[in-house]
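Structural overview for review
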Amino acid sequence: MTAPDPDHPAPEHRDAPAAPAPGADELSVRDRALLALERRPWPGPGAKERAIREELGISPVRYYQLLNALIEDERAVREDPVTVNRLRRVRDARRGRR
C-alpha cells in the first residue's frame, strides 16, 4: 500500500455528503478541498477539469454546483476570504452581463 499523497485528496472527497470538520463552525473536508483547488493557477484549458475528476472524483458540473453553494456560506468567507470574494465578484459580473 502506498503512503497518502498530500497533493491528492483521499476518496472521502468524492461525491458523498460532506462530513463536517471538527467544530460546527468549520467547513467540511470536501469544502476545504474545493477552495484549495480553486486557489490554484491553471496552465491551460482542460487542466482544471482533469484535476477535478482525478483529485475530487466528481464531474466538473458537480464541482461548480458545490462551489456556487459554498461561496454563499459565511464559513467559507472566514476560511478563505480572498478566493470566496473573487468568486463572488466573477459571479456577479456574469450576472450583470445577462
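Below is a short write-up of the structure. Think of each chain on its own: its residues are numbered from 1, step by step along the sequence as written. Thresholds applied to this predicted model are a pLDDT of at least 70 for local features of residues and 80 or more for the giving and counting of side-chain atom pairs; totals over whole chains, interfaces and linings are not thresholded and use all residues. Working from all heavy atoms in the structure, the side-chain values ignore hydrogens and water.

1. A short note on the pattern of salt bridges
Between side chains of opposite charge, a pair can form when the charged atoms approach closely. A side-chain nitrogen of Lys or Arg and a carboxyl oxygen of Asp or Glu constitute a salt bridge if their distance falls within 4 Å. Across all of its chains, the model carries 10 salt bridges by this definition. Residue E38 pairs with K48 through a salt bridge whose shortest N-O separation is 2.9 Å. Placement of the pair is E38 in helix α1 (residues 29-39) and K48 in helix α2 (residues 47-56), with a sequence separation of 10 residues. Categorising residues by exposure relies on relative accessible area from a 1.4 Å probe, with only protein chains included: less than 20% of the type maximum marks a residue as buried, more than 50% marks it as exposed, and the intermediate range marks it as partly exposed. Among the residues examined, K48 registers a relative accessible area of 12% and is labelled buried. Residue E55 is joined to R40 by a salt bridge in which the shortest nitrogen-to-oxygen separation is 2.8 Å. With E55 in helix α2 and R40 in the loop between α1 and α2, this residue pair connects regions lying 15 residues apart in the sequence. Residue E55 is classed as buried on the basis of its relative accessible area of 9%. Taking the relative accessible area as the measure of exposure, R40 reaches 31% and is therefore partly exposed. If you follow the salt bridges from partner to partner, you end up with E26, R32 and E79 in one network. Secondary structure elements are defined from DSSP: runs of H or I of at least 4 residues count as helices, runs of E of at least 2 residues count as strands, and each element is numbered from the N terminus.

2. A few points about the side chain of D73
Relative to the assigned elements, D73 resides in the loop between α3 (60-70) and α4 (74-79). You can call D73 buried: its relative accessible area is 18%. Within the structure, the side chain of D73 is placed 2.6 Å from the side chain of R75, a separation counted as a polar contact. By the criterion applied in these results, polar contacts are pairs of N or O atoms within 3.5 Å in which, for protein atoms, one can donate a hydrogen and the other can accept it, and in which residues neighboring in sequence qualify only through two side-chain atoms.

3. Overview of the packing of aromatic side chains
Paired rings are identified among Phe, Tyr and Trp, the last through its six-membered ring, by centres lying within 6.5 Å, and are further divided according to the angle between planes into stacked (under 30 degrees), edge-to-face (over 60) and tilted (the rest). Going through the model one piece at a time under the given rule, you end up with 1 aromatic pair. Summarising the aromatic geometry, the rings of Y63 and Y64 are spaced 4.9 Å apart at their centres and angled 80° between planes, so their arrangement reads as edge-to-face.

4. Details of α2
Among all positions of α2, only A47, K48, A51, I52, E55 and L56 are buried. Angular distribution of buried residues about the axis of α2 spans 140°; they occupy a single face of the element. When the buried face of α2 is taken as reference, the exposed residues oriented beyond 90 degrees from it are R53 and E54. Here, residues are in contact when the closest pair of their heavy atoms is within 4.5 Å. Taken together, the buried residues of α2 touch α1 and α3. The reported arc concerns the directions from the helix axis to the C-beta atoms and nothing else.

5. Considering the packing of α2 against α3
Fitted lines through C-alpha atoms serve as axes, helices being fitted only where they are in contact, and the angles separating the N-to-C directions of these axes extend from 0 to 180 degrees. Between α2 and α3, whose axes approach to 9 Å, the crossing angle comes to 85°. Accordingly, the angle class assigned to the pair α2 and α3 is roughly perpendicular. For the pair formed by α2 and α3, the contact residues are K48, E49, I52, R53 and L56 on the first element and P60, Y63 and Y64 on the second. For this scheme, ten residues count as nonpolar: Ala, Val, Leu, Ile, Met, Phe, Trp, Tyr, Cys and Pro. Four count as charged, namely Asp, Glu, Lys and Arg, and the remainder, Gly too, count as polar. The residue inventory of the contact of α2 with α3, partitioned by class, reads 5 nonpolar, no polar and 3 charged. Here the angle decides the label: under 35 degrees means roughly parallel, over 145 means roughly antiparallel, 65 to 115 means roughly perpendicular, and every other value means oblique.

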